[in-house]
Amino acid sequence: MKHPDRPEISVVIPAHNEAASIGDIVKRSSIVLEACKLSHEIIVVDDGSEDDTGENARSVGAEVIRHPYPIGNGAAVKTGIRNTRGNILVMLDADGQHAPEDIPRLLERMNAYDMAVGSRDRHSATPLHRDFANAVYNKFASYVCKRKIDDLTSGFRAIKAVIAREFVSLLPNTFSYPTTLTLAVVRSGYSLTYVPITTARRIGKSKIRLFRDGARFLLILLKIATLFSPMRVFLPVSFFMFAAGLGYGLFRILTLDGRYGPTSAMLLTMSVVVFMVGLVSEQVAQLRYERTDHRSPPRQQHNTGKEQTHEP
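Remember, predicted model here, so these are calculated numbers, not experimental data. (Residues numbered from 1 in each chain as written. Predicted model: local features only at pLDDT ≥ 70, side-chain atom pairs only at ≥ 80, totals over all residues. Heavy atoms only, no water.)

Caption draft 1: Examining unusual backbone geometry more closely. Residues other than glycine seldom take positive phi values, yet N17 does so here, at roughly 55°. Mapped onto the elements, N17 comes out in the loop between β1 (9–15) and α1 (19–35). Using a relative accessible area of 28% as the deciding quantity, one classes N17 as partly exposed. Here K146, not a glycine, exhibits a phi torsion of approximately 60°, which is positive. Structurally, the position occupied by K146 is in the loop between α5 (128–145) and β6 (157–160). Note on K146: relative accessible area 57%, which makes it exposed. (Helix = DSSP H or I, 4+ residues; strand = E, 2+ residues; numbered from the N terminus. Buried < 20%, exposed > 50% of the residue type's maximum accessible area, 1.4 Å probe, protein only.)

Caption draft 2: The pairing of strand β7 (residues 192–197), seen in detail. Among the 6 residues of β7, 5 are classified as buried, and the element is accordingly described as predominantly covered. With 6 bridges connecting them, strand β5 (residues 115–120) and β7 associate as parallel partners. Across the sheet, M115 pairs through a bridge with L192, a residue of β7. (Pairing = 2+ DSSP bridges.)

Caption draft 3: Geometry of the pattern of salt bridges. Within the structure shown, the criterion is met by 8 salt bridges. Across the salt bridge formed by D46 and R66, the nearest N and O atoms sit 2.9 Å from each other. On the criterion of sequence distance, the pair formed by D46 in strand β2 (residues 40–47) and R66 in strand β3 (residues 63–67) is long-range, its members being 20 residues apart. In this structure D46 comes out as buried when scored by relative accessible area, which is 2%. Classification of R66 by relative accessible area gives partly exposed; the value is 24%. R105 is the partner of D102 in a salt bridge, and the nearest nitrogen-oxygen pair spans 3.5 Å. The class of D102 is buried, set by a relative accessible area of 15%. Each member of the salt-bridge network shares a partner with another, and the members are D24, R28 and E101. (Salt bridge = Lys/Arg side-chain N within 4 Å of Asp/Glu carboxyl O.)

Caption draft 4: Here's a closer look at the nonpolar core. Counting residues in hydrophobic clusters, the biggest one holds 36 residues, and the most contacted among them are I81, M91, I149, I159, L181 and V185. Those elements giving two or more residues to this core turn out to be α3 (73–82), β4 (88–91), β5, α5, α6 (161–167), α7 (177–187), β7 and α8 (210–228). Here this core gets 6 residues from one element, more than from any other, and that element is α7. Excluding anything up to four places from it in sequence, L181 contacts M91, M115, R157, I159, F167 and L171. In terms of nonpolar packing, the next biggest core, distinct from the first, is built from 27 residues, V11, V64, I88 and A116 among them. (Core = buried A, V, L, I, M, F, W, Y, C linked by side-chain atoms within 4.5 Å. Contact = heavy atoms within 4.5 Å.)

Just geometry here; none of it tells us what the structure is for.
This is the structure we're talking about:
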């Protein structure tokens, strides 16, 4: 494995209790990048694992950064981003779902795009309920971004390092970091492309819980949507309240031969309030886009032979 002062590619692999698969993922990633003649580093962020994840990764040449306790998949990715030195970052899961052999397919798009994401095709080994949930998420994200989003939650992606560092503070500590990163990239005017991939069944048991993490994910999705494109959320709500208030008021007048009523007046008033809040939020979001880009400086020291302890 090559470790120059400034590698071309940095591979970030978040891992929690993935001792069974992490060694194979690291070795295959290194072989693929060596075959492409690309200087690289492979950083495994051990998110407080209780097994030999860190030891197994380090034994095959990866640099290991260990969290003292489990903080979250997104937190591990943030730690990895902050400690990379490459110009392009590649992120993939440690559970064996993503094939490292697909990394060159992402990298070949990076000459023209700012981020390339592996989009899971219909042959991927994913549960039916998760496919349905991802379809809903993709539709909502496409509406927010005003462009087609093929796979909102894919954790297999390549991105330019300066862009990843620009948004690192926005990423949540949970499994929802791909969502935040995708919306941030698109709504900030950076270019995004998708590369079809086929994922394998993960090794071991999934750490994602359908109802707990699904509800949390929807909340984060709404939060990120209002952060980057607030009027795409506030405007439909305002319109619905206005239409409901007007429709109910006309129904009372024309059908019940009564007065317009306080309920209709309240709905109409609240529709205006919601619209104005959305308008202010849009201005605040615009200030984010106009601020001076913040670029995190590269790491000054790099140690591949000693495990580090790092808390994000």
